[in-house]
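Tertiary structure, described
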Amino acid sequence: HEGQRPGGRLASGTGERVTVRVPAKVNVQLAVGGARADGFHDLANVFLAVSLFDEVTVAPAAELTVTCTGPDAHQVPLDATNLAARAAVLLAERHGLAPNVHIDIAKDIPVAGGMAGGSADGAGALLACDALWGLDSTRAELLDICAELGSDVPFSLVGGAALGTGRGERLTELPVGGDFHWVFAVADGGLSTPKVYGEFDRLNALVRVPEPRASAHLLEALRTGDAAALAGALSNDLQPAALSLRPSLRSTLEGGLAAGALAALVSGSGPTTAFLVKDPREAAVVAEALLASGTCRAARVASSPAPGAHQVQPRH
Ligand code: C5P
């Protein structure tokens with residue numbers, strides 16, 4: 001019965017169950033332009049995938065259902081708004097199929113934290129369903145569906161490092177010349193991305209927001225794998241907005257810097273804060289100090305670049 005499908009085709013997965021592993025991201029540069037007519041903002045968004053992963057498993061079922069496991073699973077919506085469910089529906093629609101799968105998300109990426117956890121699940125479900133249904137979609141077809149799902153979803157598929165332009169969905173992959181080490185401080189509760197963009201608009205109502213541009217210094221630091229240079233070039237235009245909505249993040253940022261991080265910034269729209277450190281040993285020191293400070297709920301150590309969405313052996 002191995003992989004045999006009703007249409008007589010062999011699924012490229014096990015046929016019964018497919019698991020895809022997808023990384024979180026940090027934005028090492030997030031340059032935000034003025035609000036567009038469609039409400040989105042033009043970005044120069046430099047994504048770097050980090051080694052915190054969700055695993056999305058899909059299996060045939062009578063109807064579309066979603067479950068989620070992990071310490072913060074209760075914060076994840078399990079209805080049709082879940083990006084993983086939306087990915088299955090979109091892919092099925094394009095191929096005239098019914099999206100009859102059970103999707104299980106093993107969640108390790110902070111929820112609503114500015115690390116593209118929801119986007120990761122969307123990209124993961126898409127790739128997993130494509131394999132389960134034996135569709136063999138091209139990369140371009142998958143990226144197209146990802147862009148429809150959300151601005152950050154294409155990057156979750158691609159991983160590594162990339163510059164996102166437009167609303168962040170048009171990707172140019174970037175070379176990375178070495179490993180970078182990070183600590184992520186997980187805050188209590190999430191921040192809504194549209195609210196953070198709304199606060200950005202409010203804070204910038206009276207200024208002319210310049211065209212977003214990728215920093216040449218930053219791209220060079222990534223290319224050469226130079227952590228000190230990257231530390232000097234990190235920037236996030238959403239940070240003032242995230243701090244305005246969540247002032248307590250300031251003390252988290254200060255705590256990590258005081259403990260020896262090379263640089264600190266809000267990850268994407270927050271409220272997770274990211275600390276670039278010299279090496280894994282420094283990462284452990286900074287993580288311990290952040291936890292002891294009581295200014296975050298959890299501290300996670302990770303490295304980058306990490307690979308994009310890829311199939312792995314399902315867990316039993
Ligand atoms: O594309 P995605 O669904 O992830 O975007 C979530 C929200 O974030 C959008 O509805 C919009 O408010 C905001 N956003 C934006 N400009 C972008 C990306 C997202 O204003 N480039």
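Residues numbered from 1 in each chain as written. Predicted model: local features only at pLDDT ≥ 70, side-chain atom pairs only at ≥ 80, totals over all residues.

Overview of the packing of helix α1 (residues 83-94) against helix α2 (residues 117-132)
Applied cut-off: Axis geometry follows a simple rule: fit a line to the C-alpha atoms, using only the stretch in contact for helices, then measure angles between N-to-C directions, giving values from 0 to 180 degrees. By the criteria applied, helices consist of DSSP H or I runs no shorter than four residues and strands consist of E runs no shorter than two, each listed in order from the N terminus. Left-handed describes a crossing in which the near helix is turned anticlockwise from the far one by less than a right angle; the clockwise case is right-handed. By the convention adopted here, residues make contact when the C-beta atoms placed from their backbones lie within 7 Å. Nonpolar residues are Ala, Val, Leu, Ile, Met, Phe, Trp, Tyr, Cys and Pro. Charged residues are Asp, Glu, Lys and Arg, and all others, Gly as well, are polar.
The N-to-C vectors of α1 and α2 enclose an angle of 35°; their axes lie 7 Å apart at closest approach. Crossing geometry of α1 relative to α2 is assigned as right-handed. Each of L83, A84, R86, A87, A88 and L91 in α1 lies in contact with α2, whose residues at this interface are G118, S119, D121, G122, G124, A125, L126, C129 and D130. Its residues assigned to classes, the contact of α1 with α2 comprises eight nonpolar, four polar and three charged.

Describing the UniProt feature "binding site: ATP" (unreviewed entry) in the chain
Put simply, the rule reads: UniProt positions are given in the numbering used here, feature names are shortened, and annotations may be inferred rather than shown by experiment. The burial label depends on the number of other C-beta atoms within 10 Å of a residue's C-beta. Counts of 20 or more mean buried, 12 or fewer mean exposed, and intermediate counts mean partly exposed, with C-beta atoms placed from the backbone.
Following the UniProt record, the feature "binding site: ATP" (unreviewed entry) maps to P110, V111, A112, G113, G114, M115, A116, G117, G118, S119 and A120 here. With residues near it in sequence (within four places) discarded, S119 still touches L83, G150, D152, V153 and S156. Relative to the elements of secondary structure, A120 occurs in helix α2. We classify A120 as buried; it has 36 C-beta atoms within 10 Å.

Points about the environment of L97
By the secondary structure assignment, L97 is in the loop between α1 and β4 (101-106). Of the residues examined, L97 has 15 C-beta atoms within 10 Å and is grouped as partly exposed. Sequence separation between L97 and W133 is 36 residues, and the spatial gap between their C-alpha atoms is 9.1 Å. If near-sequence neighbours (up to four positions away) are discounted, L97 is found in contact with A92 and W133.

Describing helix α10 (residues 280-293)
Residues separated by three or four positions in an α-helix point in the same direction, a consequence of the helix having 3.6 residues per turn. Put simply, the rule reads: Here the expected length of a helix is defined as 1.5 Å per residue gap, with one fewer gap than residues. Picture the helix axis, draw a direction to every C-beta atom, and the arc is the one those directions span.
Helix length check: α10, at 14 residues, gives a terminal C-alpha distance of 20 Å against a target of 20 Å (1.5 Å per residue), a fit within 8%. Buried residues of α10: E282, A283, V286, A287 and L290, and no others. For α10, the angular spread of the buried residues around the axis is 135°, confining them to a single face. The outward face of α10, more than 90 degrees from its buried face, is lined by the exposed residues R281 and A292. One or two steps after α10, the chain reaches G294, where phi turns positive at roughly 75°.

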